Amino acid sequence: MQIEFNCDMCGKLSSDRKSHYKRKKRHFCSMSCYAEFRKTKLPKNEQHAWKGGVTPYEAHRRYVKKNPKRISHLKARRYAREKGAEGNHTLEEWQYLCIKHDNKCVFCREAKKLTKDHIVPLSKGGSDYITNIQPMCRNCNSKKHIHIYEYPELLEAKS
Ligand SMILES: [Zn+2]
Ligand SMILES: [Zn+2]
């Protein structure tokens, strides 16, 4: 059973099977009219309904803005994996470690923005387990180079 209709894009008279026609919300004479409609006329709220009406790029940008810690955590995890480091840790483990250190750098004991420092560097075969990580400010981290500092509280955590 065929049904005739006007294309929602160009208005041309076209036909389709009735069962098909009923299932669809909009009707086009051709794929190119369909593509053109999607590009030019589709209401904003239908474009990316699954992301609350924003483009995937915008959704990602918002996620990054809302979760800066998780993003930098994931970046650091990827870096460690690329270096072939053994083990892994969660963001929660890292946050707990920072709290244990009063959110202060283990080296200068100042409450600065903390970065993950691998006690045994990844380049020296250190693991990415939380027991091999200590919170250190960027400043001290860059001064550390290849020296290995041991901290009693971290040794405690290992055993
Ligand atoms: Zn058309
Ligand atoms: Zn420091």
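Up top is the structure.
Engineer: Where do I start with the coordination of the zinc ion (ligand 2) in this structure?
Structural biologist: Metal coordination angles in their ideal form are 109.5 degrees for the four-donor tetrahedron and 90 or 180 degrees for the six-donor octahedron. Every protein donor of the zinc ion (ligand 2) is accounted for by Cys-105 (SG), Cys-108 (SG), Cys-137 (SG) and Cys-140 (SG), and the metal-donor separations fall at 2.3 to 2.4 Å. Note on Cys-140: relative accessible area 5%, which makes it buried.

Engineer: Quick question: what am I supposed to make of the packing of helix 5 (residues 68-82) against helix 6 (residues 91-100) here?
Structural biologist: The description of two helices packed together rests on the angle between their axes and the distance between the axes. Axis separation between helix 5 and helix 6 bottoms out at 10 Å; the angle between their running directions is 110 degrees. In terms of orientation, helix 5 lies roughly perpendicular with respect to helix 6. Residues Lys-69, Arg-70 and His-73 of helix 5 pack against Leu-91, Glu-92 and Gln-95 of helix 6. A breakdown of the residues in the contact of helix 5 with helix 6 according to their chemical character gives 1 nonpolar, 2 polar and 3 charged.

Engineer: I keep staring at the pattern of salt bridges and nothing clicks. Help me out?
Structural biologist: Once their charged atoms are close, side chains differing in charge can pair, the charge on each being opposite to the other. Tallied over the entire structure, the rule returns 6 salt bridges. The shortest N-O distance in the salt bridge between Lys-24 and Asp-16 comes to 3.6 Å. Looking at Lys-24, the relative accessible area reads 46%, which means it is partly exposed. Two residues, Glu-92 and Arg-70, come together in a salt bridge whose shortest N-O distance is 3.0 Å. In this pair, Glu-92 is assigned in helix 6 and Arg-70 in helix 5, connecting sequence segments 22 residues apart.

Engineer: Is there a simple way to explain helix 6 in this structure?
Structural biologist: Residues that lie three or four places apart on an α-helix share one face, since the helix turns once every 3.6 residues. Taken together, the buried positions of helix 6 are Leu-91, Trp-94, Leu-97 and Cys-98. Here the buried residues of helix 6 occupy an arc of 120 degrees about the axis, which is enough to place them on one side. With respect to the buried face of helix 6, the exposed residues turned more than 90 degrees away are Tyr-96 and Ile-99. Positioned one or two residues after helix 6, Asp-102 has a phi angle of 55 degrees, which is positive.

Engineer: What am I meant to see in the environment of Lys-22 here?
Structural biologist: As for its position among the elements, Lys-22 is in helix 1 (residues 18-23). Given the relative accessible area of 67%, Lys-22 is considered exposed. Sequence separation between Lys-22 and Ile-3 is 19 residues, and the spatial gap between their C-alpha atoms is 9.7 Å.

Engineer: Would you mind going over the nonpolar core with me for this structure?
Structural biologist: Nonpolar side chains in soluble globular proteins tend to end up buried together. The biggest cluster of nonpolar side chains holds 12 residues, and these are Leu-91, Trp-94, Leu-97, Cys-98, Cys-105, Val-106, Leu-114, Ile-130, Ile-133, Met-136, Cys-137 and Cys-140. For this core, the elements supplying multiple residues, two or more each, are helix 6 and strand 4 (133-137). Take this core: its biggest share by element is 4 residues, from helix 6. The contact partners of Ile-130, leaving out residues within four places of it in the chain, are Asn-88, His-89, Glu-93, Trp-94 and Leu-97. Residues Cys-7, Phe-28, Cys-33 and Phe-37 belong to the second largest nonpolar core, which totals 5 residues.

Engineer: Where do I start with unusual backbone geometry in this structure?
Structural biologist: Glycine aside, residues mostly have negative phi angles, and peptide bonds mostly take the trans form. Although it is not a glycine, Asp-102 sits at a positive phi angle of roughly 55 degrees. With respect to the helices and strands, Asp-102 occurs in the loop between helix 6 and strand 3 (114-118). Phi is positive for Arg-109, which is not a glycine, with a value near 60 degrees. Tracing the backbone through its elements, the reader meets Arg-109 in the loop between helix 6 and strand 3.

How each quantity is defined
Residues numbered from 1 in each chain as written. Chains lettered and ligands numbered in written order. Predicted model: local features only at pLDDT ≥ 70, side-chain atom pairs only at ≥ 80, totals over all residues. Heavy atoms only, no water. Donors = N, O, S within 2.8 Å, 3.2 Å for Na, K, Ca; no water. Buried < 20%, exposed > 50% of the residue type's maximum accessible area, 1.4 Å probe, protein only. Axes fitted to C-alpha atoms, helices over the stretch in contact; angles between N-to-C directions. Helix = DSSP H or I, 4+ residues; strand = E, 2+ residues; numbered from the N terminus. Parallel < 35°, antiparallel > 145°, perpendicular 65-115°, else oblique. Contact = heavy atoms within 4.5 Å. Nonpolar A, V, L, I, M, F, W, Y, C, P; charged D, E, K, R; others polar. Salt bridge = Lys/Arg side-chain N within 4 Å of Asp/Glu carboxyl O. Arc of directions from axis to C-beta. Core = buried A, V, L, I, M, F, W, Y, C linked by side-chain atoms within 4.5 Å.

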